[in-house]
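# Reading the structure
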Amino acid sequence: MSPELSVVVPFYGVEDYFAACLESIRRQRLQDIEVILVDDGSLDGSRAIAETFVALDPRFTLVTQENAGLGPARNTGTSHATGEYLTFVDSDDLVSAGGFETMVGMLNSSGSSLAGGNARRFNNSSGIRQSWSHRQAFAETQVATHILEFPVLARDRMVWNKIYRRTFWDEYGYAFPPIRYEDYPVTFKAHLDAVTVDVLSDPIYYWRERESGDSITQQAYRYDNLLDRVVSAEMVLDQADTSSPAVRFEVYDALKDSDFVTIVQAFATVPDSDVASLLALGERLADRLGENALNHGHPYTFLQYRALRAGDADLLRELAEFRGGGGLQGRARGSRHPRLPWRLEFPYPGLGSASVPRSMYAVPRDQVSLRTTVADVVDRDGDLVLRGTAEVRHHRSDDEARVEMRVGGGRRWHPLDVTLREAQDSHGDISRVGFEVVLDAGLLATLEAAGDPVSSIEVTVHAGRTTRKGRLHGAGPGAPQWTPSVQVGHDVWAQPATTSQRHFVVSWLRAPWTVSHVEAGDRGLRLTLAGTGALGPAPTLRVDARAGSTDPDLVFPARPLPRGEGSTTEVTVDIAVADVVGSISGDDPFLHQSVRGLALDPDLGTDEAPQLLLWRAPEHGVGVTLGQHLVRVTRSPGNRVNLIESPVRLVAETAGVQDGELVVGGKNWTGSSELHVAWRQYLPNSDDYIEQESELVVADGTWSLRTPLAPLLETTADALDLQHRGEWVLFCAWDGRDAAAVVPDPFLLTTLPLVEVAGSRTGTLLPIGETLHFRVSDRG
């Protein structure tokens, strides 16, 4: 009997990552699968890993061919596939545990030709983040749509985040061409041919970004790689030119932002002997895209296009080095035109040269915009103190600059007293862009009494004759995203928060149930909850089920305590770790971590949803281990309460600077005395790294790492990239395990970033994804 799904996995030279990939497939919740491993003439230990999985699981089979490349290997695997549905997985990536199950379920329900899901990028150094390539097309779940209805699907160029109906695949006879970047021609044609397509916003695929930068899309200069990219683009353009104008626009725009930029950026590393060939290749792609397409979007790309058309290889190299070195990351400040004082010009390479018209360096009006950040939020004896920056970009904030702020909403706004100070602006200069405002207890009470669910903050900046207005936003990583709640009245809290549009607001929590105490026991965790609301005969604590799952919530009884004086009611809840482990497992195949919200169901016989809990316990998480599992109760960014289940791992809970040393530590959940903890920095284009000497102390169930600051700052001198920045990431290994990044605890995040300045160097301890970084910068 044929399986429901065939999974084709070609492999070549991936022994360091292959086992993790295959294990993520083997652990799929959809069990009725066959996995066809295609050995594309691999010369390393990858085949031995494949043979191990074939022996372990009868659903895995192994096919061998001479090395022909990824496209032909996928074709070989397809020819051996017998399932009702077909999917492809790259051998260094991971698949979420419920990815196949969810997409097959969608196709069974919708009858669509194919289904695609969202993707995440990941590695040990940067943790997990949204894939830029999939951000727009998979922002929302849609059933039975089509590229003609939803043209942004034209940007969906990868084959591996999809499941295809096999009858559809065979009807159109899809085959991958024998080139790199073979995905897009097949994926795009399938979108055009499909009857309908299902789109899933949940991440189902984890796309590895290697630390070494040696995957196809991260390689240093290779002409054959770039040629294949252009050939693939031409195949897609041939198809797009017969489609609708909207689809055609999306294709041209995607190829301009990705493929054309890759070609012109290659001038940063092209050897002199290949300059002529690269110029011709760039002209070839530019001819197909046309000037209209290349003039849409970032003006810097059009600058590079005009330099290419002028054949100015020296300017192309300068432009590529500037862009590759982070020159477009917000720091280039416009300067006044020498003869037209109302015009601002970017100080990009080539300004004033004969190859590119000077007018192309003009700063667009929409980039002379309001820029705000939120750097710190503090509860000062019931007052909420906000610090950050506010400026008009490209205008210097001198003593004449003014910043006005008000808080509220609708017709009820309240002006705020703004104190200005010097701070670093978005261009890297020190100027009067720093602000401090205080929302005192009386103002907070007034805002809450208005009855609005949130209160926004509006900012107006006057810089010379230029005025810009907008909402306060720009909370940075660390403390501004993990802000404290401030008690306003007997049973009301003001909770600073960041909206999905990154606007900074104050939300109002009225009569919430709170977690006032958490303690660990031999078998689990005991929570004490407090609130003023009514309770029915059988209140319960509920652990949210997995998103999109039909599984029921995990439920634990809540036992009321004897009522003391006042109107507050307390209940206790015992969470048995044995009930949690395996019951709330998530889809994350990289961290293997599940994060679930906790809510109280008061059992009042109404249709009201259980109430999320507010964290009011001491400022540290509490955890307990069971075998190789760690279960913690801690806070969320919005100061709600989360239950986190993961493999046992090292968690950084405290950090600070003492006597010229960076000190990081926490509880030793591993139970091992043989820890190796070190700050690691990967070398450019290599899996090699350097580690900084430190003093590690493991005792009494805790660990502490002391690292002198000076070497962290100075050792980076030769490794600073073109953005004048180097990254140290904290790693840990124990008992023969592979090293993995140390995870920062949520309560540590409330104290970050931590900034230390020494001479011309600045070191910043901050979170990135699920990792802890010490970033060294040199702006001198």
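Above this text sits the structure in question.
First, a word on what this report is: a plain description of the structure on this page. (Residues numbered from 1 in each chain as written. Predicted model: local features only at pLDDT ≥ 70, side-chain atom pairs only at ≥ 80, totals over all residues. Heavy atoms only, no water.)

### Considering the overall build of the protein
Test applied: What counts as a helix is a DSSP run of H or I of at least four residues, what counts as a strand is a run of E of at least two, and both are numbered from the N terminus. Categorising residues by exposure relies on relative accessible area from a 1.4 Å probe, with only protein chains included: less than 20% of the type maximum marks a residue as buried, more than 50% marks it as exposed, and the intermediate range marks it as partly exposed. We call two residues in contact whenever any of their non-hydrogen atoms come within 4.5 Å of each other. Each accessible area is a Shrake-Rupley result for a 1.4 Å probe, and residues are judged covered by the shown protein chains and nothing else.
Helix and strand counts for the protein come out as 15 helices and 46 strands. Expressed as lengths along the three principal axes of its C-alpha atoms, the size of the protein is roughly 80 × 80 × 55 Å. Buried residues in the protein amount to 53% of all 780 residues. When contacts within the protein are restricted to residue pairs at least 6 apart in sequence, those whose partners lie at least 24 apart make up 67%. Put simply, the protein shows about 33200 Å² of open surface, and 48% of that area lies on carbon and sulfur atoms.

### A short note on helix H8 (residues 245-265)
In plain terms, the rule: The length a helix should cover is 1.5 Å for every residue beyond the first. What the bend at a residue measures is the angle between two axes, fitted to the seven residues ending there and to the seven starting there.
Between its terminal C-alpha atoms H8 stretches 28 Å, which fits the 30 Å expected from 21 residues at 1.5 Å a residue. The largest bend in H8 amounts to roughly 40° and is located at Lys 256.

### Points about the pairing of strand E44 (residues 754-758)
Looking along a regular strand, one sees side chains alternate from face to face of the sheet. The cut-off we apply is this: Any two strands between which DSSP finds at least two bridges are classified as paired.
As judged from the five bridges shared by E44 and strand E45 (residues 761-768), these two strands associate in the antiparallel manner. Looking across to E45, one finds that Val 755 is bridged to Thr 764. A loop of two residues connects E44 with E45, the two strands running antiparallel in sequence, and Gly 759 in this loop sits at a positive phi of about 65°.

### A few points about the packing of helix H10 (residues 299-309) against helix H11 (residues 313-324)
The line we're drawing: Under this scheme, a helix contributes an axis fitted over its contacting stretch, all axes are lines through C-alpha atoms, and angles between N-to-C directions fall in the 0 to 180 degree range. Roughly parallel here means an angle under 35 degrees, roughly antiparallel means over 145, roughly perpendicular means 65 to 115, and every remaining angle is called oblique. Crossing handedness is defined as follows: a turn of the near helix away from the far one that is anticlockwise and smaller than a right angle gives a left-handed crossing, while the clockwise case is right-handed. All residues other than Ala, Val, Leu, Ile, Met, Phe, Trp, Tyr, Cys, Pro, Asp, Glu, Lys and Arg, Gly among them, are scored as polar; the first ten of these are nonpolar and the last four charged.
Across the interface, H10 lies against H11 with an axial gap of 9 Å and an inter-helix angle of 160°. With respect to their mutual orientation, H10 and H11 come out roughly antiparallel. Of the two elements, H10 crosses H11, and the hand of that crossing is left-handed. On the side of H10, the interface is formed by Tyr 300, Thr 301, Leu 303, Gln 304, Ala 307 and Leu 308, while H11 contributes Leu 315, Leu 316, Leu 319, Ala 320, Phe 322 and Arg 323. In terms of residue class, the contact of H10 with H11 is made up of nine nonpolar, two polar and one charged.

### A few points about the packing of aromatic side chains
Keep this limit in mind: Pairs were defined over the aromatic rings of Phe, Tyr and Trp, the Trp ring being its six-membered one, requiring ring centres within 6.5 Å. Orientation was assigned from the angle between planes: stacked under 30 degrees, edge-to-face over 60, tilted for the rest. Placement of a positive charge over a ring is assigned whenever Lys NZ or Arg CZ falls within 6 Å of the ring centre and within 35 degrees of the normal to the ring plane.
Inspection of every chain in the model, using the stated rule, returns 25 aromatic pairs. Looking at Arg 121, its charged tip hangs above the ring of Trp 207, at a distance of 3.7 Å from the centre. Above the plane of the ring of Tyr 689 lies Arg 680, whose end atom (NZ or CZ) is 3.7 Å from the centre.

### Comments concerning a negative patch on the surface
Definition in use: Residues form patches when they are more than 30% accessible in relative terms and have no salt bridge. Like charges link within 9 Å. Nonpolar side chains (Val, Leu, Ile, Met, Phe, Trp, Tyr) link within 5 Å. Salt bridge, as used here: a side-chain nitrogen of Lys or Arg that lies within 4 Å of a carboxyl oxygen of Asp or Glu. Working convention for charge: Lys and Arg count positive, Asp and Glu count negative, and His plus the chain ends are omitted. Charged groups are reduced to one reference atom each: NZ for lysine, CZ for arginine, CG for aspartic acid, CD for glutamic acid.
Judged by side-chain charge, Glu 15, Asp 16, Asp 687 and Asp 688 come together as a negatively charged surface patch. Topologically, Asp 687 is positioned in the loop between strand E37 (675-682) and strand E38 (689-691).

### A closer look at the environment of Ser 359
Residue position: Ser 359 is located in the loop between strand E12 (344-345) and strand E13 (370-380). Each C-alpha atom of the pair Ser 359 and His 337 lies 10.0 Å from the other, and the pair is 22 residues apart in sequence.

### Concerning the sheet that holds strand E40 (residues 702-708)
Strand pairing in a sheet takes place through backbone hydrogen bonds and is either antiparallel or parallel in direction. Ordered by their spatial adjacency, four strands build an open sheet running E35-E36-E40-E39, and the pairing between neighbours is antiparallel. Either end of the sheet is taken by a strand with one partner, and the two such strands are strand E35 (654-658) and strand E39 (695-699). With direction set aside, neighbouring strand axes in the sheet form an average angle of 15°. Summarising the sheet, strand E36 (residues 661-667) and E40 pair through seven bridges and their orientation is antiparallel. Looking at the pairing, Leu 662 lines up with Thr 707 of E40.

### Some points on unusual backbone geometry
Looking along the chain, the bond that leaves Leu 752 and enters Pro 753 is cis, with omega of 5°. Within the secondary structure layout, Pro 753 lies in the loop between helix H15 (746-749) and E44. Residues other than glycine seldom take positive phi values, yet Ala 511 does so here, at roughly 50°. Mapped onto the secondary structure, Ala 511 falls in the loop between strand E23 (504-510) and strand E24 (513-520). When its relative accessible area of 35% is taken as the criterion, Ala 511 is described as partly exposed. Even without glycine at this site, Asp 603 takes up a positive phi of about 60°. In this structure, Asp 603 sits in the loop between strand E29 (594-601) and strand E30 (611-615).

### Quick notes on the sheet that holds strand E17 (residues 419-424)
Read across the open sheet, the four strands follow the order E13-E14-E18-E17; overall the sheet is antiparallel. Single-partner strands in this sheet number two, and they are E13 and E17. Averaged over all neighbouring strand pairs, the angle between strand axes comes to 30°, with direction disregarded. Relative to strand E18 (residues 430-439), strand E14 (residues 383-392) is paired through six bridges, and the arrangement is antiparallel. Within E18, the residue paired with Leu 384 across the bridge is Leu 439.

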